[in-house]
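Reading the structure
For reference, the chains in residue letters:
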Amino acid sequence: MPKNVAENLAKLKAEQNRLSREHLRRMFKNDPQRFSNFSLNSGTLFLDYSKNIVDQEAMNVLLDLARNSGVEQLRDKMWAGEHINLTEDRAVMHMALRHQGDDDLHVDGENVSAPIRTVLAAMRSYSAKLRNGEIAGSTGTKITDVVNIGIGGSDLGPAMVVRALSPYVSEIKPHFVSNVDGSDIADTLAGLDPETTLFIVASKTFTTDETMTNANSARKWLAEALGDKAVGDHFVAVSTNLDACAEFGIQEDRIFGFWDWVGGRYSVWSAIGLSVMLAIGPENFDEFLAGAAEMDQHFLTAPLDKNMPVIMALLGVWYRNAFGYSTHAVLPYDERMGRFAAYLQQQDMESNGKSVQRDGSTVDYATGPIVWGEPGTNGQHAFYQLIHQGTDVIPVDFLIAAQGETDYPEHHEKLVANCFAQSEALMLGKTADEVRSELEAQGLSDSEIEELTPHKVFPGNRPSNTIMYQKLTPKTLGNLIALYEHKVFVQGAIWNVNSYDQWGVELGKQLAKALLPKVQGSADAKDHDSSTQGLLEHFHALR
Ligand code: F6P
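Residues numbered from 1 in each chain as written. Predicted model: local features only at pLDDT ≥ 70, side-chain atom pairs only at ≥ 80, totals over all residues. Heavy atoms only, no water.

The chain has the name Glucose-6-phosphate isomerase in an unreviewed UniProt entry, where Maritalea porphyrae is given as its organism. Entered under Sequence similarities (unreviewed entry) in the UniProt record, the comment concerning the chain runs "Belongs to the GPI family." As its UniProt record puts it under Subcellular location (unreviewed entry), the chain is described as follows: "Cytoplasm". (UniProt positions renumbered as here; feature names shortened; annotations may be inferred.)

Here it is as structure tokens:
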């Protein structure tokens, strides 16, 4: 029987109606304790959620929703290794990859901790030797550049992490090729020397067309320069499909495995993180894992009302289902987090972009929101206009470090001031009276004031979270990623969707395969619709 999710969600509507007469400006004025009542410290991360359209009563209803939706039960099943990924009949055990204890974890009666430790040890040993030159390229020259070839979860996590942790990158320069668009690999290889380049073919399945196409082109580039025999010294693989890696010609001791209970978008903690470990070194990678484990412990043990991922998930459900807001912006005031929103797009939208419940019945409520964002302050000069005065309300997460780039302290103070100013402006808004007195002070005439006022009014009452951390370190980043992973889990549990499959990406892949011979001109396109036929004809005329 499907859980009665719609009924549970309907209870939020009454709360939303009650609060629709409120304004955050007034709520702050009436409650001097609002900030302390609606903020949380998980250890490494601090969450201020006081600038959300909630009061304690609404929070209590939301917390009841979490309880009635069986969030805690599903969380415990996940951690116990049960097959909560129903459609693929798999466990969801990415937390095991970063578990810090000496105890063993089990999936289907098998101890998974032992192979996790073995692969991690192999990664550490390989990384240390590659970084110090003990393992070199085929000509004996030190490897200086590593190209990770992968896509989706086999690319976005590592690419986001090495950019975020650029101050920790040493010895090895990481590069990422993901798109089947030849310009991606062409532009990457253009700056590289085959003698000093190592390729990581990163693919859970080792069948993904984009990745295999790029891997074959990289192999050709390398073999043309250094000969076929050099391939073994310049390629490693990360996959669950060990046979396919061997078939590609990867040496057995250069294949780093992982397991089907690690979802692609949750795999940066596994050997998929090899490019990260090579770039930042094993010790920093360990810190990254430890940071995620810290958030796991918080998620597994903190009571719901003090549980950061739970609170963030509930606020997301609140806006998605009671207010009908369809997008959610993640705006790091941290330039190095430039790929964080892109990473979260896969984590969130591939997980909860679903229209059926876990038993296959159709949902009759909204599920995953559209997630997007860019770092501040750049975004302020691009799309913030719409966030402040547009007709859509967009709940926002601001992310900010207390300590920024040490060489430029003045920059960081300005960055922080901008970040706090944005959440304040969204919350307060600016009333017509305030606008009028401002314009009066500027000496404008009455008619000018009347004309300009409506354009300068900000409605305010626009919600945001602010997540603060001391410094963007490997540990902080591990915490942050795990925070959003668990947020997505909680929302999936409430919406009763399977957050761990991704059938929605299959149809396009199948059709691309069928279309390729028609694009190549070796088959006719009569079986396609007139638009597709027309596009093919136009393409052939132009090529
Ligand atoms: O986009 C679909 C998907 O299956 C993702 O879930 C996955 O992260 C990506 O493709 C790459 O898959 P693989 O690691 O098997 O190449």
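Now, onward.
**Details of the packing of aromatic side chains**
For the structure shown, the criterion picks out 20 aromatic pairs. On the numbers, 6.2 Å between centres and 85° between planes, the contact of Phe206 with Phe248 is edge-to-face. Highlighted residues: Phe206 in the loop between strand S7 (197-202) and helix H10 (209-226) and Phe248 in helix H12 (residues 242-248), separated in sequence by 42 residues. An aromatic cluster is present here, built from Phe199, Phe206, Trp221, Phe235 and Phe248 joined pairwise through their rings. (Phe/Tyr/Trp six-rings, centres within 6.5 Å; stacked < 30°, edge-to-face > 60°. Helix = DSSP H or I, 4+ residues; strand = E, 2+ residues; numbered from the N terminus.)

**A closer look at the UniProt feature "active site" (unreviewed entry) in the chain**
UniProt records the feature "active site" (unreviewed entry) at Glu350, His381 and Lys509, using the numbering of this structure. The named residues occupy 160 residues along the chain; their greatest pairwise C-alpha distance, 36.9 Å, places them well apart from one another. Of note, His381 is situated in the loop between strand S11 (370-372) and helix H17 (384-389). A relative accessible area of 71% places His381 in the exposed class. Take Lys509: it is sitting in helix H22 (residues 506-520). Classification of Lys509 as partly exposed rests on a relative accessible area of 46%. (Buried < 20%, exposed > 50% of the residue type's maximum accessible area, 1.4 Å probe, protein only.)

**Comments concerning the packing of helix H14 (residues 282-301) against helix H15 (residues 308-322)**
With their axes 8 Å apart at the nearest point, H14 and H15 run at an angle of 70° to one another. For the element pair H14 / H15, the angle class is roughly perpendicular. Side by side, H14 and H15 meet where Met295, His298 and Phe299 of the first sit next to Met308, Pro309 and Val310 of the second. Considered class by class, the residues forming the contact of H14 with H15 number 5 nonpolar, 1 polar and no charged. (Axes fitted to C-alpha atoms, helices over the stretch in contact; angles between N-to-C directions. Parallel < 35°, antiparallel > 145°, perpendicular 65-115°, else oblique. Contact = heavy atoms within 4.5 Å. Nonpolar A, V, L, I, M, F, W, Y, C, P; charged D, E, K, R; others polar.)

**Comments concerning helix H7 (residues 113-132)**
Along its 20 residues, H7 runs 28 Å from first to last C-alpha, staying within 8% of the 28 Å computed at 1.5 Å per residue. Of all the positions in H7, only Ser113, Ile116, Val119, Leu120, Met123, Tyr126, Ser127, Leu130 and Arg131 are classed as buried. Projected down its long axis, H7 carries its buried residues within an arc of 165°, all on one side. Opposite its buried face, H7 presents the exposed residues Thr118 and Asn132, each directed more than 90 degrees away. Where H7 terminates, the next one or two residues include Gly133, which has phi positive at roughly 90°. (Expected span 1.5 Å × (residues − 1). Arc of directions from axis to C-beta.)

**Re the sheet that holds strand S1 (residues 39-41)**
The 6 strands are arranged S1-S2-S13-S12-S10-S11 in an open sheet whose pairing can be described as mixed. Sheet topology places S1 and S11 at the edges, where each strand pairs with a single neighbour. Each strand of the sheet is rotated relative to its neighbour by a mean of 15°, with strand direction disregarded. One ladder, built from 3 bridges, connects S1 with strand S2 (residues 46-48); its direction is antiparallel. Paired with Leu40 across the strands is Leu47, a residue of S2. Contacts between H15 and the sheet are confined to S1, S2, strand S12 (396-401) and strand S13 (464-469), with S2 contributing the most and set at about 30° to the helix. Sheet strands in contact with helix H16 (residues 340-352) are strand S10 (327-333), S11 and S12, and its direction is about 160° off that of S11. (Pairing = 2+ DSSP bridges.)

**Points about the domain arrangement of the chain**
Taken domain by domain, the chain holds domain 1 (3-68 + 302-428 + 462-494), domain 2 (94-287) and domain 3 (506-542). Put simply, the middle of domain 2 and the middle of domain 3, counted by C-alpha atoms, are 34 Å apart. (Domains from an automatic or database assignment.)

**Quick look at the pattern of salt bridges**
One pass over the full model with this rule turns up 28 salt bridges. Close ionic contact of Asp76 with Arg75 constitutes a salt bridge, the shortest N to O distance being 3.2 Å. With its nearest N and O atoms 3.8 Å apart, the salt bridge here joins Lys526 to Asp524. (Salt bridge = Lys/Arg side-chain N within 4 Å of Asp/Glu carboxyl O.)

**What to know about the nonpolar core**
Counting 121 residues, the largest nonpolar core has Trp318, Phe340 and Leu477 as the members making the most contacts within it. For this core, the element with the highest residue contribution is helix H21 (residues 474-495), accounting for 12 residues. Per-domain counts for this core show at least three residues from each of domain 1 (3-68 + 302-428 + 462-494) and domain 2 (94-287). With sequence-adjacent residues up to four places away left out, Trp318 is seen in contact with Leu12, Glu15, Gln16, Leu19, Ile53, Val54, Ala58, Leu62 and Phe323. Formed by 23 residues, the second largest nonpolar core is a distinct cluster that contains Leu192, Leu222, Phe235 and Cys245. (Core = buried A, V, L, I, M, F, W, Y, C linked by side-chain atoms within 4.5 Å.)

**Description of the pairing of S7**
Within S7, 6 of the 6 residues are buried, which leaves it mostly tucked inside the rest of the structure. Both faces of S7 are covered, namely the face carrying Thr197, Phe199 and Val201 and the face carrying Leu198, Ile200 and Ala202. Examined bridge by bridge, strand S5 (residues 145-149) and S7 share 5 bridges and lie parallel to one another. Paired with Ile149 across the two strands is Val201, which belongs to S7. Bridge count for S7 against strand S8 (residues 235-239) is 4 bridges, and the pairing is parallel. Paired with Phe199 across the bridge in S8 is Phe235.

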